[in-house]
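Listed below are the residues making up each chain.
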Amino acid sequence: MPTAPPAPRAGFPQRVRMHAGYHWRNSGNPLVTGLRDHWDTRRGAVFPSVRSDLAGLSVGYSGLKEGLAYTLEFTELRREGGAEQAAARRTGQVTGRQLRTPEGVPDADIAIVGTSASLAHRMPKTASLVIPMRVHFVIDFDGSPDRARQAISKRERQKFNSDMRRHGWGWELNTSPAWFDEFYDRLYRPTMFERHGARERTETKDAAYECLFRTGRMFVLTQDGERIGGALCHWDEPTGVLTLRLLGVRGGDAAHYESGAFKAIYHLLIGWCAENGVRRLDFQGTEPFLSKGTFQWKRRFGTRVIMPPNHFGDKRLWLRARRDTPEVRDYLVANPTLAETADGLLEAVYFHDGQRPPRLDFSAKAPGVDRVRQVDLDAFFAR
C-alpha cells in the first residue's frame with residue numbers, strides 16, 4: 001500500500017501559489033505550455049535587450065528573459081577564458097513587435113534573439129542559425145537493467161565500477177523530512193554555489209519541499225555509512241517519468257567530485273530506475289552548445305537528446321553573425337552547436353575555415369542528433 005506523503009509545511013493558499021508557479025515553470029501539459037508560449041512571445045510584451053562586450057567581441061541578446069542566464073552568460077563564460085576583466089554590459093528593452101525584424105535588435109558582432117520556434121524560423125537565413133534554447137537528456141527503459149547500463153560509455157562504466165568497489169557507496173530512497181532539510185541546506189545549496197557562484201539558479205526550499213519532496217522521490221548516497229550526496233526527483237506516475245531536479249554532495253566539496261561520488265549519483269539513479277518500473281529518466285537539460293561541459297557530461301550516460309517537455313520545447317534562439325571578424329570566427333569555431341533545420345531535425349553544426357579546423361573534439365554523438373554538418377565560414381559569410 002502506498003505510504004502517505006509527508007505533512008505539508010505551508011497553509012493551503014501558499015501551497016496553491018507554489019504549485020501554480022512550479023507548474024508554470026515546469027509543466028509539460030500542452031495547455032500550460034501553449035498558454036505560456038503565447039504569453040511569453042506576445043507582440044505587446046517588453047523584453048530585455050543586452051549588449052555584452054568582452055575580449056574584442058560584442059554579443060547582443062534580446063528576447064525571452066531566460067536567455068540572459070542560459071545563453072548570454074554562456075557566451076561570456078566562453079569569452080572570459082583567463083581574462084580578469086568582466087564583460088561590459090549595456091542594457092535596454094525591446095518590444096515583441098521589434099523582435100520580429102533584425103532591424104529591431106541592437107547592433108552587435110553576434111546578435112541572438114530568444115523567441116518562439118515559429119518566429120525564429122521566419123527570421124532571415126543569411127549568416128544565421130536557429131538553435132534550441134535548451135535540450136534535455138533522457139533514458140528510456142524497456143525493463144532490462146543490463147541494457148540500460150550497457151548504453152553508458154564503456155569508459156564511464158569501468159570507472160564507476162572501480163570507484164564503487166573502492167568507496168563502497170550505498171544508494172536508497174529516503175522519505176524523512178529531516179533528510180530533506182539536511183540535503184537542501186548542506187548539500188544542494190552549497191553544491192550550486194560552488195559550481196555556479198553568483199550565477200546559481202536554485203529552487204526555493206519551500207517550493208522544493210511542497211512540489212518535489214512531498215510527491216517525488218528522494219535519494220541518499222552514503223559512503224562508509226555517512227550521507228555524502230543525494231538527489232530529489234519529480235515523479236509523474238501516469239507517464240512513469242522520473243525527472244532529476246536537485247542534486248548535491250556534502251558542502252559542495254571538490255573531494256566528492258574527485259572520488260567520483262557526484263557522478264555516481266547518475267549511475268545509481270539509472271540502476272534504480274531500471275529496476276523499479278520507471279519508463280523514462282529525464283536528466284533535464286543544458287544549453288545546446290557542444291562546448292558546454294554539462295552537454296558532454298550527460299551525453300556519456302547513454303542518453304537521448306530531446307526538445308524539453310516543458311515550455312522551452314517551443315522556444316528557440318535565432319543567432320546571426322553580423323560581422324566577419326577574426327574574433328567572430330574564433331568564437332563560432334570554438335563553440336559548435338546544435339541547430340534545428342527547417343524540417344525540424346537536430347543537427348550538430350561545426351564551423352571551420354582555412355586557419356581554424358572544426359572542433360570535432362566536442363562530440364555530438366548521441367541518439368536524437370540526426371546529423372552532423374561542417375560549415376565553411378567563407379561560404380557562411382558569402383551568403
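To start, this report covers the structure provided alongside it. The structure displayed is predicted, hence computed values, not measured ones.

1. Details of the overall build of the protein chain
In terms of regular secondary structure, the protein chain is built from 13 helices and 16 strands. The C-alpha atoms of the protein chain give a radius of gyration of 22 Å, which matches the 21 Å a tight globule of 383 residues would have. Overall size of the protein chain, expressed as C-alpha extent along the three principal axes, is 65 × 50 × 40 Å. Put simply, of all contacts in the protein chain between residues at least 6 apart along the chain, 74% involve residues at least 24 apart. Split by element, the accessible area of the protein chain, about 17900 Å² in all, is 50% carbon and sulfur. With 57 positive and 46 negative side-chain charges, the protein chain shows a spacing of 3 Å between the two charge centroids.

2. Section: unusual backbone geometry
With phi around 55 degrees, alanine 55 is a residue other than glycine that occupies positive phi space. Relative to the elements of secondary structure, alanine 55 occurs in the loop between strand E1 (46-54) and strand E2 (57-63). Within the chain, alanine 127 stands out as a residue other than glycine whose phi angle is a positive 50 degrees.

3. Quick notes on the layout of surface pockets
Volume-wise, the second largest pocket comes out at about 500 Å³. With four residues, the top contributor of residues to the lining of the second largest pocket is helix H1 (residues 12-26). Classifying every residue of the lining of the second largest pocket by side-chain character gives seven nonpolar, 13 polar and four charged.

4. So, the sheet that holds strand E7 (residues 169-173)
A sheet is described by the order of its strands in space; here seven strands give the open sequence E7-E8-E9-E10-E11-E6-E12, paired in mixed fashion. Every interior strand has two partners, whereas the edge strands, E7 and strand E12 (304-306), have only one. On average, adjacent strands in this sheet sit at an angle of 30 degrees to one another, irrespective of strand direction.

5. Notes on the packing of aromatic side chains
One pass over the structure, following the stated rule, counts 23 aromatic pairs. Judged by centre distance (5.6 Å) and plane angle (90 degrees), the rings of tyrosine 70 and phenylalanine 312 are edge-to-face. Here phenylalanine 312 lies in the loop between E12 and strand E13 (315-321) and tyrosine 70 lies in helix H3 (residues 66-80), a separation of 242 residues in the sequence. Per residue, the accessibility class of tyrosine 70 equals that of phenylalanine 312, and both read buried. The interplanar angle of 10 degrees and the centroid separation of 5.1 Å between the aromatic rings of tryptophan 171 and phenylalanine 219 together place this pair among those described as stacked. Taken together, the residues tryptophan 171 in strand E7 and phenylalanine 219 in strand E8 (residues 217-223) connect sequence positions 48 residues apart. For the pair tryptophan 171 and phenylalanine 219, one class covers both residues: buried. Through successive ring pairs, a cluster of aromatic residues spans Trp179, Phe180, Phe183, Tyr184, Tyr188, Tyr209 and Phe213. Sitting above the plane of the tryptophan 39 ring, arginine 42 keeps its charged end 3.6 Å from the centroid. Across from the ring centre of phenylalanine 312, 5.8 Å away, lies the NZ or CZ of lysine 315, which sits over that ring.

6. What about the pairing of strand E15 (residues 346-352)?
On any regular strand, side chains alternate: one points to one face of the sheet, the next to the other face. Taking burial as the measure, the seven residues of E15 include seven buried ones, the bulk of the element. Alternating residues of E15 divide into Leu346, Ala348, Tyr350 and His352 and Glu347, Val349 and Phe351, and every residue in both groups is buried. Counting the residues that bridge the hairpin from strand E14 (residues 337-340) to E15 gives five residues, and of these glycine 344 lies at a positive phi of roughly 85 degrees. Relative to strand E16 (residues 371-376), E15 is paired through six bridges, and the arrangement is parallel. Following the sheet pairing, alanine 348 is matched in E16 by valine 372.

7. Side note on the pattern of salt bridges
Considering all chains together, one arrives at 35 salt bridges under this definition. Across the pair aspartate 40 and lysine 315 runs a salt bridge, and its minimum N-O distance is 2.5 Å. Linking aspartate 40 in helix H2 (residues 30-40) with lysine 315 in strand E13, this pair joins segments that are 275 residues apart in sequence. The exposure class assigned to aspartate 40 is buried, which follows from its relative accessible area of 11%.

8. Some points on the state of the cysteines
Where two cysteines share a covalent bond between their sulfur atoms, that bond is called a disulfide. Tallying each qualifying case throughout the model produces zero disulfides. Cysteine cysteine 211 is unpaired, with the sulfur of cysteine 233 as its nearest cysteine sulfur at 15 Å. With no disulfide of its own, cysteine 273 lies 7.0 Å from the sulfur of cysteine 233, the closest cysteine sulfur. The exposure class of cysteine 273 is buried, given its relative accessible area of 1%.

About the criteria used
In every chain, residue numbers begin from 1 and rise along the written sequence. Local features in a predicted model are, by the rule used here, given only for residues with pLDDT of at least 70; side-chain atom pairs are given and counted only at 80 or more, and totals for whole chains, interfaces and linings are based on all residues. Neither water nor hydrogens contribute to the side-chain values; these are computed over all heavy atoms in the structure. Put simply, DSSP marks the helices as runs of H or I at least four residues long and the strands as runs of E at least two long, and each gets a number from the N terminus on. C-alpha atoms define the radius of gyration in this analysis, and the globule rule sets the expected value at 2.2 Å times the number of residues to the power 0.38. Should any heavy atoms of two residues lie within 4.5 Å, those residues are counted as being in contact. All accessible-area figures derive from a Shrake-Rupley calculation using a 1.4 Å probe, and residue coverage is judged against the displayed protein chains alone. The charged-residue count follows a simple rule in which Lys and Arg add positive charge and Asp and Glu add negative charge, with His and chain termini not counted at all. The atom standing in for a charge is NZ when the residue is Lys, CZ when it is Arg, CG when it is Asp and CD when it is Glu. Cavities and pockets are defined on a 1 Å grid built over the protein atoms alone: a cavity is a set of grid points where a 1.4 Å probe fits but cannot escape, while a pocket is an open set with protein on both sides within 12 Å along at least five of seven lines, and lining residues are those with an atom within 4 Å of any such point. Grid points are joined across faces, edges and corners, and a volume is the space filled by probe spheres set on the points. Under the grouping applied here, Gly and all other residues not named as nonpolar or charged are polar, the nonpolar ones being Ala, Val, Leu, Ile, Met, Phe, Trp, Tyr, Cys and Pro and the charged ones Asp, Glu, Lys and Arg. Pairing between strands requires that DSSP locate at least two bridges from one strand to the other. Between N-to-C directions, angles cover 0 to 180 degrees, with each direction set by a line fitted to C-alpha atoms, over the stretch in contact for helices. Note on aromatic pairs: the rings of Phe, Tyr and Trp (six-membered ring only in Trp) are paired at centre separations within 6.5 Å, and the planes decide the class, stacked below 30 degrees, edge-to-face beyond 60, tilted for the rest. Burial classes follow relative accessibility: with a 1.4 Å probe on protein chains only, a residue under 20% of its type's maximum area counts as buried, one over 50% as exposed, and anything between as partly exposed. Geometrically, a charge over a ring is one whose NZ (Lys) or CZ (Arg) sits within 6 Å of the ring centre while staying within 35 degrees of the ring normal. Whenever a carboxyl oxygen of Asp or Glu lies within 4 Å of a side-chain nitrogen of Lys or Arg, that contact is scored as a salt bridge. Cysteine sulfur atoms that come within 2.5 Å of each other are treated as a disulfide pair.

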